[in-house]
Amino acid sequence: MAEPDRGDTPVALVTGASRGLGRAIAVELAGRGQHVIVNYKTNRREAEETLSQIKERGGAATLFQADVSRPDQVQAMFQAVFKAHRRLDILVNNAGITRDEYFLTMRQQSWDEVIASDLGAVLYCCKMAVGLMAGARRGVIVNIGSSSALSARPGQVNYGTAKSALLGFSRTLARELAGKGVRVLVVAPGFTATPMTEALPREVIRETLARIPLGRWSLPREIARAVAFFASDAARCYSGQTIVIDGGRTALEQEYGLQVQGE
Ligand code: NAP
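Computed from a predicted structure; not experimentally measured.

Participant: How should the environment of W217 be read in this particular structure?
Facilitator: Tracing the backbone through its elements, the reader meets W217 in the loop between α7 (202-210) and α8 (220-231). Residues W217 and A149, 68 residues apart in the sequence, show an inter-C-alpha distance of 17 Å. Not counting the four nearest positions on each side in its chain, W217 is found in contact with F191, T192, A193, T197, L200, I205, T208, L209, I212 and E222. One polar contact links W217 to T208, side chain to side chain, over a distance of 3.0 Å.

Encoded structure:
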């Protein structure tokens, strides 16, 4: 963790920022003047790449290894951040995993891991962040959801459950914190080109594209720009909303008749 600073640089913590969306969000926020805490779980080398991309652009960041599905590790991370910076302006709960399995054969472990990483982690991080933010009467929490919370994807009962619960969690927390100067939002991407999705077979990629009215996946930096905007003061009238960025898929699916048969 960095030397204690004078407390005048805004601080953002991005979970799961060693690659994919988390990296793009960390780079974008650092480019807008935030000192970014780049959290990662296992991949130190990739996290260092995020750090170098931030530094190449003149930004400031610190790496912090913690498994955010573990409350003890989350607590240690936030305590270190608070000690070093004495503030937290933006929390982006981005870390997430998939363990796609059809429900009939889904292993208990796949359910438990997804619920812990995609939902439990958000609870633990918010629990730590909210006290400091409410005390300062300032802060924004952006939870990274998924369009899978809005349109069913077979094989994702675990992931769809976690991401759907995230919507209710965020809305309710936003209501509780509205009088305390803290905003809570969900940014829910559809298919985005990251390591999570690049392993998908070609036919699945073709099939997903056929169902997206705008005919393209999102790029991580497009999601990152949206996150940065909704975390900024320019968006200070937004709280409790879910912003879906999926090429129009969930909003327009029925009108376009793009529902795939036999799913
Ligand atoms: P990704 O490429 O697989 O990256 C996941 C990141 O999360 C990695 O940095 C990983 O760290 C970290 N992570 C996973 N579990 C963690 C834990 N317990 N503690 C700390 N870090 C953890 O995934 P992505 O595509 O960028 O997805 C990011 C978020 O966007 C997820 O919440 C995902 O559900 C959501 N999303 C993605 C898409 C998409 O199409 N890509 C669509 C909708 C929603 P290590 O590398 O160190 O393990």
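Additional details are given in the paragraphs that follow.
Participant: Is there a simple way to explain the sheet that holds strand β7 (residues 242-245) in this structure?
Facilitator: Backbone hydrogen bonds hold the strands of a sheet together, and the pairing may be parallel or antiparallel. Here we have seven strands laid out as an open sheet, ordered β3-β2-β1-β4-β5-β6-β7, and parallel in their pairing. Each edge of the open sheet is held by one strand with a lone partner, namely β3 (60-65) and β7. The mean angle between the axes of side-by-side strands here comes to 15°, regardless of whether they run parallel or antiparallel. Note that strand β4 (residues 90-93) and strand β5 (residues 139-144) share four bridges and pair parallel. Bridging from a neighbouring strand, N93 pairs with N143 of β5. Across the sheet, helix α2 (residues 44-56) lies against β2 (35-40) and β3, angled at about 170° from β3, the strand it touches most. Those strands touched by helix α5 (residues 157-177) are β5, β6 (182-189) and β7, and its axis lies near 160° from that of β6.

Participant: Help me out: how do you make sense of the layout of surface pockets in this one?
Facilitator: Rolled over the atoms, a probe with the dimensions of a water molecule shows which regions are left empty. In this structure, the largest pocket occupies an estimated 1,000 Å³ of space. Around the largest pocket, the lining comprises 44 residues; the ones closest to its centre are G96, I97, T98, T194 and M196. Of all elements in the fold, only α1 (20-31), β2, α4 (108-136), α5 and α6 (195-198) reach the threshold of two or more residues within the lining of the largest pocket. When the residues that make up the lining of the largest pocket are grouped by side-chain class, the tally is 14 nonpolar, 21 polar and nine charged. As a volume, the second largest pocket reaches approximately 290 Å³. In terms of lining, the second largest pocket is formed by 16 residues, of which the most central are R138, V140, A231, S232 and D233. Of all the secondary-structure elements, those providing two or more residues to the lining of the second largest pocket are β5 and α8.

Participant: Sorry if this is basic, but what is going on with the nonpolar core here?
Facilitator: Nonpolar side chains in soluble globular proteins tend to end up buried together. With 35 residues, the main nonpolar core has I25, L29, V36 and V92 as its most contacted residues. Those residues in contact with L29 that sit more than four places away from it in its chain are A12, V14, Q34, V36, I90, V92 and A228. Listed in part, the 28 residues of the second largest apolar core include A66, F78, A80 and C125.

Participant: For this particular structure, what's the right way to read the packing of α1 against α8?
Facilitator: Two elements in contact, α1 and α8, have axes separated by 8 Å at closest approach and are oriented at 50°. The orientation of α1 with respect to α8, classified from their angle, is oblique. Judged by the sense of rotation from one axis to the other, the crossing of α1 with α8 is right-handed. Taking contact as the criterion, the partners of G20, L21, A24, I25, E28 and L29 in α1 are, on α8, P220, R221, I223, A224, R225, V227 and A228. Looking at the contact of α1 with α8 residue by residue, the class counts come to nine nonpolar, one polar and three charged.

Participant: Mind showing me how you'd approach the site of the ligand here?
Facilitator: Of all residues adjacent to the ligand, which total 32 residues, the nearest are S18, T42, N94, Y159 and T194. Between an oxygen atom of the ligand and a side-chain N or O atom of Y159, the distance comes to 2.5 Å. Backbone polar atom of T192 to an oxygen atom of the ligand: 2.8 Å apart, as the coordinates give it. Protein chains bury 96% of the 900 Å² of accessible surface belonging to the ligand in isolation. At a threshold of 2 Å from the grid points, most atoms of the ligand map onto the largest pocket. Contributions of two or more residues to the shell around the ligand are made by α1, β2, α5 and α6. It is α6 that contributes the most residues to the shell around the ligand, three residues altogether. Here the shell around the ligand is composed, by residue class, of 13 nonpolar, 15 polar and four charged.

What counts as what
Residues numbered from 1 in each chain as written. Predicted model: local features only at pLDDT ≥ 70, side-chain atom pairs only at ≥ 80, totals over all residues. Heavy atoms only, no water. Helix = DSSP H or I, 4+ residues; strand = E, 2+ residues; numbered from the N terminus. Contact = heavy atoms within 4.5 Å. Polar contact = N/O pair within 3.5 Å; in protein donor to acceptor, adjacent residues only side chain to side chain. Pairing = 2+ DSSP bridges. Axes fitted to C-alpha atoms, helices over the stretch in contact; angles between N-to-C directions. 1 Å grid on protein atoms, 1.4 Å probe; cavity = no way out; pocket = protein on both sides within 12 Å on 5 of 7 lines; lining within 4 Å. Points joined across faces, edges and corners; volume = space filled by probe spheres on them. Nonpolar A, V, L, I, M, F, W, Y, C, P; charged D, E, K, R; others polar. Core = buried A, V, L, I, M, F, W, Y, C linked by side-chain atoms within 4.5 Å. Buried < 20%, exposed > 50% of the residue type's maximum accessible area, 1.4 Å probe, protein only. Parallel < 35°, antiparallel > 145°, perpendicular 65-115°, else oblique. Left-handed = near helix turned anticlockwise from the far one by under 90°. Near = heavy atom within 4 Å. Areas by Shrake-Rupley, 256 points an atom, 1.4 Å probe, with all protein chains shown as cover. Sits in = over half its atoms within 2 Å of the grid points.

Fair warning: the whole summary comes from geometry, so function is off the table for now.
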